[in-house]
Number of protein chains: 2
Amino acid sequence: MEEGAASNKMIVLKDYVKGFPKESDMLLKTSPIKLRVPDGCDGAILVKNLYLSCDPYMRTRMRKMEESYVDSFVPASPITGYGVCKVVDSTDTKFKNGELIWGMTGWEEYSLIKSTQGLFKIHHTDVPLSYYTGILGMPGTTAYFGFYEVCSPKKGDTVFISAASGAVGQLVGQFAKLFGCYVVGSAGTKEKVDLLKNKFGFDEAFNYKEEPDLNATLKRYFPDGIDIYFENVGGNMLDAVLLNMKLKGRIAVCGMISQYNLEEPEGVKNLFCLVTKRIRMEGFIVFDYYHLYPKYLEMVLPLIKQGKIAYVEDIAEGLESAPNALIGLFSGRNVGKQVVVVAHE
Amino acid sequence: MEEGAASNKMIVLKDYVKGFPKESDMLLKTSPIKLRVPDGCDGAILVKNLYLSCDPYMRTRMRKMEESYVDSFVPASPITGYGVCKVVDSTDTKFKNGELIWGMTGWEEYSLIKSTQGLFKIHHTDVPLSYYTGILGMPGTTAYFGFYEVCSPKKGDTVFISAASGAVGQLVGQFAKLFGCYVVGSAGTKEKVDLLKNKFGFDEAFNYKEEPDLNATLKRYFPDGIDIYFENVGGNMLDAVLLNMKLKGRIAVCGMISQYNLEEPEGVKNLFCLVTKRIRMEGFIVFDYYHLYPKYLEMVLPLIKQGKIAYVEDIAEGLESAPNALIGLFSGRNVGKQVVVVAHE
C-alpha cells in the first residue's frame, strides 16, 4: 500500500428492504482509501470513525422514499448515520487534524465528508466519547427539546413514554422526573422494566408484551389519565393511549418504531379522542432544535457528572457487528442506546 | 285544557342507535305541559322553542357513552340540542318573559330549562333569528375560533376544508379568504361545489365522491402542499391530507362525520407524516371559546350586514320534520346549515 493509503472496511446496503430487515440485507466490503482529502476538494474533511449510532429512523432510509425528512440510503454504497469521528485530514479551515466531531458519517472505517455543515465539534472529553451518539448527541437533544418544547410540561403532569428504555425514552423519563412529573414507561422485557424502575427512577414501568389489554393497563397506571405521551412506537399503543389521555393532553410524536417494518402501517382508530379531549398531537424532528444544542449541552453535562442522570448503552464491538446491532433495534434486542465501536481512538 | 296549559309535541329518541340512524329511531310524542315554571323550581325558565339546530356531533349522543364531552341522549326522553327560544316564564332573575335566547334546549314545542348557565341572550334581532343556530351561534363560534386559535393562520397560507358547505365549513372558508388565504373545499354534490365557488368565494372546490384518488386530487389543488387542514370528516380524507401537508402544517380537528355511524372507526394510516413534516394536529371544542363569544359577535355582525360574508341555511318546517332533517346530515343531503323551524315567533 502506498503511503497515506489504507484499506477501508464498510457496511453497504445491498438494496432497498421490504419488511423486517435482515443482516443479509447488508454486506461488509473493503476498498482502498487514501487518508487525505482529494485535491481540489475544498471545505471537506477525512475522518476516522470511532463510534456509530444505531437509530430507529434508519429503517425508513432503507426504503425508497420520494420525499422525506431524510434521504434514502443509496444501494451498494455505505450506510450513513450519526457517529463520533476524529479528523484525519481537512481542507476546511474550521476543522483541524486530530479534532473530534460528531454528526453524519459513513458506516466504514474512514469517511470523506464533503459537507461539514451540520457537524458538531466535541470540546468535552471527560465523558465517554460514545455518549456523543446518544445523551450528548442526536437522541439526547431529541429527548430534551421534544419534552420541553413539544410536550409543554407542567410540574405534577402524568407522563407516559413508550420504548422507554431506548436512547431517547430513558432520557425523556429522567428529564420529566427532574421536572417534577409522574413518569411511567413501557418496554419489551423484564430486564428493561427493571432498568426503568431501578436505574432511571421511573415511578412505574411495565412490559407491554405481557399486557393483553393495553387500555386496561394504562387505566391501572393512570387512573386519572395521561397529560403527556411521548410517542416512540405508534400502532396499538397509540390507540390505547388516546383512550386514556386527559383533557388538553399533549402527544409528542417522536417516532413509531412498531410501524417501520410494515409494508402498510396499522390504522389508528381512536383519533376522535383528539376532539373530545382537545388533545394536541405534534410531530417533531431534532433538526429544528440543533441551534439550541450548546444550551442543551451546558445543562446536561453537569447532570451527568453529578450522577443526577443515568445513561445506559448497549455497545457492539467492531464494524462487522453493525448490521446485527442495527436490526436488533427492531426486535428490541438492545438494552439502552445501541452503539457500534469501530475504533476506540 | 286548564288555563296556562298546552299540548307539547316532542321528538323522543327510542333507544341507543347502532349504525346509520333512521327516522324510525325517533318518535313524535305529545304530552300536556303547563306553560309556567313549576313551584319551587328556582333559577329556571320555560321557553317556547322557535328554531332547532341539527349538528353532526348529535350522532355521538345517540350512542351510550361512558365519558365524553357531551352526555348521551336519554332514551324515551326528548332529544336535546342547540336552539333559539323565547322565554315564556322565568324564575331566574336574569331572564324575563318575552326575551330571546339561544343555547341547549329540547326538541319539543316548549322546554323547561332548569339550568340557565350556558344560555346566551339575543340582543340583535335585525338578522334572521335562525342565524343563532349557525353563524351567530355554536357553529359560527366553532369556525371562527377553530380557524384563528387552532390553525395559527398566516396570510397566504393554503387552506383545505372538508365538509366545506356545512354550517362550520362555509364560514371557515370565508374567514380564511377574508384573512388572505388560498382556500379549497370538498363537498359531496355538484350543487355544493358550485355554492363553495360561486357563493362562498372559495378559490377551488371539488366533489370528493367523483375523485377516485384523493391523494392525486389534493396534489392537483395544492401542488406545493397544504398549510392548514380544517378537519370535519376523518377517515380516508384525513389519510390523503396527511400525505399532502406542508412542513409545519396545522390540522384543526373539529369533527369526523364520516366515522360517526361506523361501529368501529376506520384506521388512519399515515400518521407518521406528523413526524416527517412536523405537523401539529389539534382537536378543539367550541365550549372552550364561549367566553369570547361577545367578541366574535361584534366582529361577525357587521360582516353579515355589509354582505361581506354569505351564509346558507337548509330550513325544514315543523318539529315533525326534525328526525328526517337530522339523519339527512349523515348522507350529506342538507345544503348549508340544517335548521328546523318549530315556530316562527
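Residues numbered from 1 in each chain as written. Chains lettered and ligands numbered in written order. Predicted model: local features only at pLDDT ≥ 70, side-chain atom pairs only at ≥ 80, totals over all residues.

Visitor: A description of the nonpolar core should follow, citing residues and the corresponding values.
Guide: Phe230(A), Val241(A), Val340(A), Phe230(B), Val241(B) and Val340(B) are the most contacted members of the largest nonpolar core, which has 220 residues in total. With sequence-adjacent residues up to four places away left out, Val241(B) is seen in contact with Phe160(B), Leu218(B), Ile226(B) and Tyr229(B). (Core = buried A, V, L, I, M, F, W, Y, C linked by C-beta atoms within 7 Å. Buried ≥ 20, exposed ≤ 12 C-beta atoms within 10 Å, placed from the backbone. Contact = placed C-beta atoms within 7 Å.)

Visitor: Now, about the relation of the copies chain A and chain B: what can you tell me, with residues and values included?
Guide: Overlaying chain A on chain B yields an RMSD of 0.0 Å, the required transformation being a rotation through 180° with an accompanying axial translation of 0.0 Å. What the superposition gives is, in effect, a two-fold axis relating one chain to the other. In terms of proximity to the rotation axis, the leading residue of chain A is Gly267(A), whose C-alpha is 1.8 Å off the axis. Counting the interface residues of chain A, we find that 100% of their copies in chain B are interface residues as well, pointing to one common contact surface. (Least-squares fit on C-alpha atoms with pLDDT ≥ 70 in both.)

Visitor: I'd like a rundown of the packing of helix H2 (residues 138-150) of chain A against helix H3 (residues 169-179) of chain A, residues and numbers included.
Guide: Residue and element names in this part refer to chain A. Relative to each other, H2 and H3 sit at 40°, their axes nearing to 9 Å. In terms of orientation, H2 and H3 fall into the oblique class. The chirality of how H2 crosses H3 is right-handed. Side by side, H2 and H3 meet where Pro-139, Gly-140, Ala-143, Tyr-144, Gly-146 and Phe-147 of the first sit next to Leu-171, Val-172, Phe-175 and Ala-176 of the second. Grouping the amino acids of the contact of H2 with H3 by side-chain chemistry returns 8 nonpolar, 2 polar and no charged. (Axes fitted to C-alpha atoms, helices over the stretch in contact; angles between N-to-C directions. Helix = DSSP H or I, 4+ residues; strand = E, 2+ residues; numbered from the N terminus. Parallel < 35°, antiparallel > 145°, perpendicular 65-115°, else oblique. Left-handed = near helix turned anticlockwise from the far one by under 90°. Nonpolar A, V, L, I, M, F, W, Y, C, P; charged D, E, K, R; others polar.)

Visitor: Explain the environment of Lys114(B) to me, using residue names and the numbers behind them.
Guide: Residue and element names in this part refer to chain B. With respect to the helices and strands, Lys-114 occurs in the loop between strand S6 (110-113) and strand S7 (120-121). A C-alpha to C-alpha distance of 7.6 Å links Lys-114 and Cys-41, two positions 73 residues apart in sequence. Not counting residues within four places of it along the chain, the set of residues in contact with Lys-114 comprises Cys-41 and Ala-44.

Visitor: Please set out the sheet that holds strand S8 (residues 158-161) of chain A residue by residue, giving values where relevant.
Guide: The mixed open sheet is built from 12 strands, whose spatial order is S10(A)-S9(A)-S8(A)-S11(A)-S12(A)-S13(A)-S13(B)-S12(B)-S11(B)-S8(B)-S9(B)-S10(B). The sheet is open, and its two borders are formed by strand S10 (204-207) of chain A together with strand S10 (204-207) of chain B, each paired with just one other strand. Adjacent strand axes in the sheet meet at a mean angle of 15°, parallel and antiparallel pairs treated alike. Here strand S13 (residues 280-283) of chain A runs beside strand S13 (residues 280-283) of chain B; their pairing, made up of 3 bridges, is antiparallel. Bridging from a neighbouring strand, Met281(A) pairs with Met281(B) of S13(B). Along the sheet, helix H6 (residues 235-244) of chain B makes contact with strand S8 (158-161), strand S11 (226-231) and strand S12 (245-253) of chain B, crossing S11(B) at roughly 165°. (Pairing = 2+ DSSP bridges.)

Visitor: Describe in detail the interface of chain A and chain B, supporting the description with residues and values.
Guide: Opposite the 28 residues of chain A that make contact, chain B presents 28 residues. At 4 residues, S13(A) tops the list of elements feeding residues into the side of chain A that touches chain B. Of the residues contributing to the side of chain A that touches chain B, the split by class is 13 nonpolar, 7 polar and 8 charged.

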